[in-house]
Every structure is written in C-alpha cells, then in structure tokens.
Amino acid sequence: MTSTTPDPTTTTDPAGTTTTATTDPKATTDPAGTTTTATTDPTATTDPAGTTTTATTDPTATPDPTATTATDPASVPAASASAVSASVPADSATPTPTPEAERLRRWRLVLGGGGADGTGCELRGRDAAMDGALASLYGREKGSGGKAPGGRRAAGLGASAPGVARWLGDIRTYFPSSVVQVMQRDAIDRLGLSALLLEPEMLEAVEADVHLVGTLLSLNKVMPETTKETARAVVRKVVEQLEKKLAQRTRATLTGALDRSARISRPRHRDIDWDRTIRANLKNYLPEYRTVVPERLIGYGRAAQSVKKDVVLCIDQSGSMAASVVYASVFGAVLASMRALDTRLVVFDTAVVDLTDQLDDPVDVLFGTQLGGGTDINRALAYCQSRITRPTETVVVLISDLYEGGIRDEMLKRVAAMKASGVQFVTLLALSDEGAPAYDRDHAAALAALGAPAFACTPDLFPDVMAAAIEKRPLPIPDMAEQR
C-alpha cells in the first residue's frame, strides 16, 4: 500500500491502489477505481463509461490527463457551446483568409455597403465597425445634408459634438495616425464641422496636425475665450513637433552656408576653399611641375561671430496658404534663433503686419495671423523693400500663390529693383507637403523672366533653398513638371 498524508479526499481500493480526488465535491470514483474529476464549470459532463468531457473557460482548471476535450460544438450541450468556441485556438476557429477573400474584403471596405459594391463580401466584427466609421464620413455626398444620392438615408456624423467625439475615438482605434489626420481634414471639409472645433472637448479629442492648426487659425477671431487656451495647447504641440523635426537640420545646413559665404584671405588650413584658391592662382601654374603655386589663399570665414545675412520672410496669409503659414512661422522662429542671421517676418493680405518682435514664440506668431481676406503682394513687397539696408547681404523669401489683387506691374517692378540692387529674391508658391499647389501661372512666368523662379517647396527642401540663396548659388528647384 502507498502511504499518503491524511486527506479526507484520499481513498484506497481493495487492490491497494490509492486514489486521490480533488477537493471539488463533484469528483467521483467509478467501481474500477478510476477517478473522474469534474471542474467547477457547470458545463463539464461525464458519460456512462466514466469518461470526462471538460468544457471550460477558466484557465486555472486542470483536467484529468485521461479527460477528453470536446472541440465540436455539436458534441456538447448548447449552454456550453460558447465556452467551447472560446477555448478553440484562433487558427482553427478563424482560418486564415485566402488571397482572393482578402482582396474582396479590402475592396468591400473601399466601395462601401449596398448592392453596388459587387463583392458579395460580408463584414463582421472589427471590419464592420471600421466600415461604419468610414460610412459616417464618406457614405454620403458632400453637402448632401446627411442623405445619400437618390434621397436615401445614409450614415453621417451630424452636428452632434458627442457623436463626433465618439467617431474621432473610433477612427483612432482603427486607423494609423496619418490616416486619422486625413479623415479629420475630410470631415471638416465635407461635413462642415469647423464650428465644433470651438468646443474645448472636441479639440482634446482630435489628432493634432498642421492642417488642424490652419483650421484653428482661421477660427481664431470667433473662438470663445474658454476654447483659446485649449487651442493654443493644440497649436503648441504641433509647433514643438515641427521644431524638433526641422530645427537641427536647418541650423546645421545654414551654419555651413554662412561659413562658406564669408570669405577671408588668411584662412586656417581646414578652412581653405580649394576651388576658389586654385582658380585665383591659375596664373601661377608651373607646367614642368604640373603644379599651381598658391600665392593667395581664399578660405571660409566663421559666420557665428557677427550678423552676416539679413532674411525677410514675406508670407501670404490668404486662406489657401494656411499650411504654408504654419511652416513659415516655425522656420522663422528657427532662423531668428541663429545669431548670424537677422530675420524679419511679415504677413499680409490686403494689409501688412510685421510680426518680427514675436519670433521668439512661433505660437504667438501664428495667433497673430488672420487667415482669409484678399491679397496685395505689391503692398507687402513695398514694406519689405523699405526695411532692406544691406541689399547684397539680404535674402527675401516671398511665400505666396501669386494671386495678386493689387497692382501687378508695380509688383514686378519692385522685384526687378530688388534683384538689381543685389537682393537674393526667392518665390515659393507653397511651403508645405500638400503636393502641387494652385497658383497664378502668368505671374510665376513673369517672375521667372526676372530671374526669380517661382516653385513649390517642401519643408524638407527649405533649408537647402535657403543655403543656396545665402551662398548665391543656383536654387535647387524641383522638377516643375511634377508640380503641375
């Protein structure tokens, strides 16, 4: 006989075999001495042969090694069908879809519901919820007031702040941040939800990006005081992200350009500009030695010792330039932080506002703008021209789509005059990553004829454009065919 510790649940059969039952009062022993263990799950059953069938959702339950687990819902009572289904591995319960099924699923999400989708694919669970979030935004025509074409009712967000807040939470659950930002922008445009952004609760729910900042700036004048602090917090978050992304490369690129633009005649060895030095001493070439004797060295200076260049950013604040205003304000603050640059920032519509004294905080600059209104480029350039004191050391950057409401010929004359005085004049049709902008092609062509080509510029390219302008090199102009 096997010795065991005293346990009221331990028994010994006549053959001398000890059988230990669980503490569960439902444990039983058949006449053959085989223990049948029933778990605490009421769905566990035992057939007349003494074989235990265990169906449980409790991960701590440990069935008898001889127990048989049912995997067929039809083999257990209906009450336990859900428990059995939950215990089946995901791979067997939900087989991996075939490539054809996955393709149909994706097309179904793209096309939306209704008989017209033609896929015959039924969405369930997460896919159905994702489809509902998409239908709320794209399931009706723009400006249809919540009705689908033909007068059918369609899903929509409506003008309910709680409903929109829930929808914003849903899309952040189902889609990556970049897609969420696109959907938010479409919701504001298609469904006219700008007014809801005046509510602090809504601002806290949205995914902040450059386009949202532009929308908030356009609402600045009608924004209640209770919302302004939240709006500033949203704008500051975006500005800080942009500064973190753009500032270091901008400073490094422009510092190098400033150093190279300052020429000295007695440079240290590491500061020698060999290309210019060789060209300046070609007259001293010795053919027999195949050597140039450098009587005069030309080198790079150290720009950080004093102000070397003046930069004027002249920014069109019409409604179509919202994203450009945001990026230009951030770049303006970065340039203003460099001691070797004297930076001025001017914004304009039909009036001109100098925001240079606010450049230490780009958020203040942004809230000092007023998006919308007309455009008078000539007037803005007249102001900038009056502030230029060192033409040959000045870079003027006009950021505008060139839709001029002022005097066109006067505008072109001012640009020509600045170019003739030695100013490096740069025209950016947009400073954003939104792709090809709309712009006045006639004015762009006229500026190009003056030697001031107009082109769209991404934030990543802007430091290189400024470096080229500072060094008076040809500008790295993108392929204009790609911008059309």
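Everything below is about the structure shown above.
Draft legend 1. Main features of the overall build of the chain. Looking only at helices and strands, one finds 17 helices and 17 strands in the chain. In the chain, which comprises 484 residues, the proportion classed as buried is 43%. Taking the intrachain contacts of the chain between residues at least 6 apart in sequence as the baseline, contacts between residues at least 24 apart amount to 66%.

Draft legend 2. Geometry of the side chain of Asp 440. In this fold, Asp 440 is placed in the loop between β16 (424-431) and α15 (441-449). Buried and unpaired, Asp 440 has no salt bridge, with Arg 408 as the nearest side chain of opposite charge at 6.2 Å. For Asp 440, the side chain forms a polar contact with the main-chain nitrogen of Asp 442, separated by 3.1 Å. Engagement of the side chain of Asp 440 in a polar contact is seen with the backbone nitrogen of His 443, the distance being 3.0 Å.

Draft legend 3. Expanded view of the pattern of salt bridges. Per the counting criterion, the structure on display carries twelve salt bridges. Among the salt bridges present, the one from Asp 364 reaches Arg 232, with a minimum N-O distance of 2.7 Å. Placement of Asp 364 in helix α12 (residues 362-367) and of Arg 232 in helix α9 (residues 225-261) is noted, with a sequence separation of 132 residues between them. What emerges from the salt-bridge pattern is a single network uniting Glu 102, Arg 105, Arg 106 and Asp 127.

Draft legend 4. Representation of unusual backbone geometry in the model. Unusually for a residue other than glycine, Leu 402 sits at a positive phi of about 70°. Looking at the element boundaries, Leu 402 is found in the loop between β15 (394-399) and α14 (408-420).

Draft legend 5. Molecular detail of the packing of aromatic side chains. What the rule picks out here adds up to one aromatic pair. Arranged with centres 4.5 Å apart and planes meeting at 40°, the rings of Phe 331 and Phe 462 form a pair that is tilted. Here Phe 331, found in helix α11 (residues 322-336), pairs with Phe 462, found in helix α16 (residues 462-471); they are 131 residues apart in sequence, far enough to count as distant. Like Phe 331, the residue Phe 462 is buried in the burial classification. One Lys or Arg, Arg 232, reaches over the ring of Phe 367 and ends 5.1 Å from the middle of that ring.

Draft legend 6. View of the packing of helix α8 (residues 210-218) against α11. For the pair α8 and α11, interaxial distance at closest approach is 8 Å and the crossing angle is 105°. One finds that α8 runs roughly perpendicular with respect to α11. Between α8 and α11, the contacting residues are Val 210, Val 213, Gly 214 and Leu 217 on the first element and Ala 322, Ala 323, Val 326 and Tyr 327 on the second. Along the lines of polarity and charge, the residues of the contact of α8 with α11 split into seven nonpolar, one polar and no charged.

Draft legend 7. Focus on the pairing of strand β13 (residues 341-348). Counting buried positions along β13 yields six of eight residues, so the element is predominantly enclosed. Of the strand pairs in this sheet, strand β12 (residues 309-316) and β13 are connected by eight bridges, and their pairing is parallel. Paired with Asp 316 across the strands is Phe 348, a residue of β13. What joins β12 to β13 is α11, and the crossover it makes is right-handed. Connecting β13 to the antiparallel partner strand β14 (residues 352-354) that follows it, the hairpin turn spans three residues.

Draft legend 8. Examining α16 more closely. Within α16, nine of the ten residues are buried, leaving the element largely enclosed by the surrounding structure. Looking at α16, one finds that the buried residues are Phe 462, Pro 463, Val 465, Met 466, Ala 467, Ala 468, Ala 469, Ile 470 and Glu 471. Taken from the residues just after α16, Lys 472 is the one with a positive phi, measuring 60°.

Draft legend 9. A look at the packing of helix α3 (residues 99-111) against helix α4 (residues 125-138). Relative orientation of the contacting elements α3 and α4 amounts to 25°, with a least axis distance of 9 Å. What the angle tells us is that α3 and α4 run roughly parallel. Mapping the contact onto sequence places Arg 105, Arg 108 and Leu 109 in α3 and Asp 127, Met 130, Asp 131 and Leu 134 in α4. Residue composition of the contact of α3 with α4, grouped by class: three nonpolar, no polar and four charged.

Draft legend 10. Summary view of the pairing of β12. Extensive coverage of β12 is indicated by the burial of eight of its eight residues. Residues Lys 309, Val 311, Leu 313 and Ile 315 of β12 are buried on one face, and the alternating residues Asp 310, Val 312, Cys 314 and Asp 316, pointing to the opposite face, are buried as well. Summarising the sheet, β12 and β15 pair through six bridges and their orientation is parallel. Bridging from a neighbouring strand, Val 312 pairs with Val 396 of β15.

Draft legend 11. Geometry of the nonpolar core. Residues Leu 216, Val 397 and Phe 462 are the most contacted members of the largest nonpolar core, which totals 62 residues. With ten residues, α9 is the largest single contributor of residues to this core. Discounting chain neighbours no more than four positions away, the residues touching Phe 462 are Leu 313, Phe 331, Val 397, Leu 428, Leu 431 and Cys 457.

Draft legend 12. The arrangement of α3 in detail. For α3, built from 13 residues, the straight-helix expectation of 18 Å at 1.5 Å per residue is met to within 8% by its first-to-last C-alpha distance of 18 Å. Downstream of α3 by a residue or two, Gly 112 has a phi angle that is positive, lying close to 85°.

Draft legend 13. Representation of the environment of Gly 256. Tracing the chain through its elements places Gly 256 in helix α9. Note on Gly 256: relative accessible area 17%, which makes it buried.

Draft legend 14. A look at the sheet that holds β13. Strand order in the open sheet made by the six strands is β14-β13-β12-β15-β16-β17, with mixed pairing throughout. Of all strands in the sheet, those with a lone pairing partner are β14 and β17 (454-457), marking the two edges. The average angle at which neighbouring strand axes cross in this sheet is 25°, direction not considered. Relative to β16, β15 runs parallel, the two sharing five bridges. From the neighbouring strand, Val 396 faces β16, where its bridge partner is Phe 425.

Conventions we followed
Residues numbered from 1 in each chain as written. Predicted model: local features only at pLDDT ≥ 70, side-chain atom pairs only at ≥ 80, totals over all residues. Heavy atoms only, no water. Helix = DSSP H or I, 4+ residues; strand = E, 2+ residues; numbered from the N terminus. Buried < 20%, exposed > 50% of the residue type's maximum accessible area, 1.4 Å probe, protein only. Contact = heavy atoms within 4.5 Å. Lys, Arg positive; Asp, Glu negative; His and termini not counted. Salt bridge = Lys/Arg side-chain N within 4 Å of Asp/Glu carboxyl O. Polar contact = N/O pair within 3.5 Å; in protein donor to acceptor, adjacent residues only side chain to side chain. Phe/Tyr/Trp six-rings, centres within 6.5 Å; stacked < 30°, edge-to-face > 60°. Lys NZ or Arg CZ within 6 Å of the ring centre and 35° of its normal. Axes fitted to C-alpha atoms, helices over the stretch in contact; angles between N-to-C directions. Parallel < 35°, antiparallel > 145°, perpendicular 65-115°, else oblique. Nonpolar A, V, L, I, M, F, W, Y, C, P; charged D, E, K, R; others polar. Pairing = 2+ DSSP bridges. Right-handed = clockwise from strand over helix to strand, strands pointing away. Core = buried A, V, L, I, M, F, W, Y, C linked by side-chain atoms within 4.5 Å. Expected span 1.5 Å × (residues − 1).

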